[in-house]
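Take a look at the letters that make up each chain.
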Amino acid sequence: MFALKRLAAAGAAAGLLLAGAAVSPATAAPGGGVRAGQPGEVIRVQIYERGYNGLWASDRFSGSCPSTHPYLVDKRFSNDRILPRGVIVTTEASVATLVVATSSETRIEGKKEFIAVKSVEGSWTNWGLGSGTVNITLECTNDWKQARLENQYG
């Protein structure tokens, strides 16, 4: 039974790696899989990492939170970039990014509508002459209350 669970965990980890996501070591379960954890748990999932060289280098990316932690956290990680909450972009200032939410979950609580983002897609372009790396990471949670945003337009 233990060997079967270990094999399933390894398969889940391989699936994440093939999908282009990597779970940080602090959030990985023994055997390499993502653990379900307690409500309110937050993990970071790297969905994209690429090097670039020179002016106008560009690419597209997309990714989502794993099913065990399906929602992006309601936390702003950048004052210099316009990003959905829960998205962390690590790169040089010369790299412009465009990141948009591609799936979400909506709930009504009382008279207010709340939205939780689950996945993103976007693109980047280097406007400088140098080279470097673009890294896109999602901070995901399994707790609806940590993820929800009040709909400003409803």
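Cut-offs used in this document
- Residues numbered from 1 in each chain as written.
- Predicted model: local features only at pLDDT ≥ 70, side-chain atom pairs only at ≥ 80, totals over all residues.
- Heavy atoms only, no water.
- Helix = DSSP H or I, 4+ residues; strand = E, 2+ residues; numbered from the N terminus.
- Areas by Shrake-Rupley, 256 points an atom, 1.4 Å probe, with all protein chains shown as cover.
- Core = buried A, V, L, I, M, F, W, Y, C linked by side-chain atoms within 4.5 Å.
- Buried < 20%, exposed > 50% of the residue type's maximum accessible area, 1.4 Å probe, protein only.
- Contact = heavy atoms within 4.5 Å.
- Polar contact = N/O pair within 3.5 Å; in protein donor to acceptor, adjacent residues only side chain to side chain.
- Pairing = 2+ DSSP bridges.
- Salt bridge = Lys/Arg side-chain N within 4 Å of Asp/Glu carboxyl O.

A. Broad picture of the overall build of the chain. Looking only at helices and strands, the chain features 2 helices and 9 strands. For the chain, the α and β elements follow one another from N to C terminus as α-β-β-β-β-β-β-β-β-α-β. Surface summary for the chain: the accessible area is close to 9100 Å², and the carbon and sulfur share equals 54%.

B. Local environment of the nonpolar core. If you look at the biggest cluster of nonpolar residues, it comprises 21 residues, and the most contacted ones within it are I47, L72, V87, W124, I136 and L138. Where this core is concerned, the elements lending two or more residues are β2 (42–53), β5 (87–90), β6 (95–109), β7 (112–126) and β8 (131–141). Setting aside residues up to four positions removed in sequence, W124 forms contacts with Y48, Y52, A57, S58, D59, F61, V95, A96, T97 and V134. Counting 5 residues, the second largest nonpolar core, distinct from the first, contains Y71, F114, A116 and W144.

C. Representation of the side chain of N135. Residue position: N135 is located in strand β8. What makes N135 buried here is its relative accessible area of 13%. Reaching out from N135, the side chain makes a polar contact with the side chain of T137 at a distance of 3.0 Å. Beyond its immediate stretch of four places on either side in the chain, N135 contacts Q46, Y48, E49, I88, V89 and T90.

D. Molecular detail of unusual backbone geometry. Positive phi, close to 70°, is recorded for W56, a residue that is not glycine. Along the polypeptide, W56 turns up in the loop between β2 and β3 (58–64). For W56, a relative accessible area of 57% gives the class exposed.

E. Quick peek at the pairing of β7. With 7 bridges connecting them, β3 and β7 associate as antiparallel partners. Note that in β7 the partner of D59 across the bridge is W124. Examined bridge by bridge, β7 and strand β9 (residues 149–150) share 2 bridges and lie antiparallel to one another. Bridged to I115 within β9 is L149.

F. Structural detail: the pattern of salt bridges. A complete count under the given rule lists 8 salt bridges for this structure. We note a salt bridge from E139 to R44, for which the minimum N-O separation is 2.7 Å. Here the residue E139 occupies a position in strand β8, and R44 occupies one in strand β2, the gap between them amounting to 95 residues. Assessed through its relative accessible area of 36%, R44 is described here as partly exposed. Here R50 ties to D59 by a salt bridge, and the two come within 3.2 Å at their closest N and O atoms. In this structure R50 comes out as partly exposed when scored by relative accessible area, which is 43%. The network of salt bridges with shared partners includes E105, R107 and K118.

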